[in-house]
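The chain contents come next:
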Amino acid sequence: MLVAHDVREAVKLADRIILIEDGEITLDLENKVSSPRDVTDERMVELEKQVVSRIFEE
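Definitions and cut-offs
- Residues numbered from 1 in each chain as written.
- Predicted model: local features only at pLDDT ≥ 70, side-chain atom pairs only at ≥ 80, totals over all residues.
- Heavy atoms only, no water.
- Salt bridge = Lys/Arg side-chain N within 4 Å of Asp/Glu carboxyl O.
- Helix = DSSP H or I, 4+ residues; strand = E, 2+ residues; numbered from the N terminus.
- Buried < 20%, exposed > 50% of the residue type's maximum accessible area, 1.4 Å probe, protein only.
- Pairing = 2+ DSSP bridges.

### With respect to the pattern of salt bridges
Pairing of side chains with opposite charge becomes possible as their charged atoms draw close. As enumerated under the stated definition, the model contains six salt bridges in all. The shortest N-O distance in the salt bridge between Arg-8 and Glu-48 comes to 3.2 Å. Separated by 40 residues along the polypeptide, Arg-8 in helix 1 (residues 7-13) and Glu-48 in helix 2 (residues 42-56) bring together distant segments of the chain. Here Glu-48 falls in the buried class, since its relative accessible area comes to 16%. As a salt-bridge pair, Arg-43 and Asp-41 come within 2.8 Å of each other at their nearest N and O atoms. Arg-43 gets classed as partly exposed once you look at its relative accessible area, which sits at 48%. Given a relative accessible area of 22%, Asp-41 falls into the partly exposed group. A single salt-bridge network, built from bridges that share partners, covers Glu-21, Arg-54 and Glu-57.

In structure tokens:
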């Protein structure tokens with residue numbers, strides 16, 4: 001388990017991204033991109049956007 005406050009770092013390193021807000025899981029995404037991961041890969045960019053959108057509820 002890795003706890004990160006940096007979305008890009010979480011997406012690059014994690015196989016699963018879980019967002020916890022007020023003690024509740026509000027997002028649970030599997031990262032299926034194989035390692036080593038390139039943050040410029042369009043799948044990585046999309047995953048990062050999903051997490052950021054949930055954080056800011058866009």
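Read on for the rest.
### Remarks on unusual backbone geometry
A cis amide bond links Ser-35 to the next residue, Pro-36, at an omega of -5°. With respect to the secondary-structure elements, Pro-36 resides in the loop between strand 2 (24-30) and helix 2. In this structure, Asp-22 takes a positive phi of about 50° despite not being glycine. Relative to the helices and strands, Asp-22 resides in the loop between strand 1 (16-21) and strand 2.

### Points about the pairing of strand 1
Pairing of strand 1 with strand 2 involves six bridges; the strand directions are antiparallel. For Leu-19, the partnering residue across the bridge sits in strand 2 and is Leu-27. Hairpin connection between strand 1 and strand 2: a loop of two residues separates the two successive antiparallel strands, and Asp-22 in this loop has a positive phi of roughly 50°.

Fair warning: the whole summary comes from geometry, so function is off the table for now.
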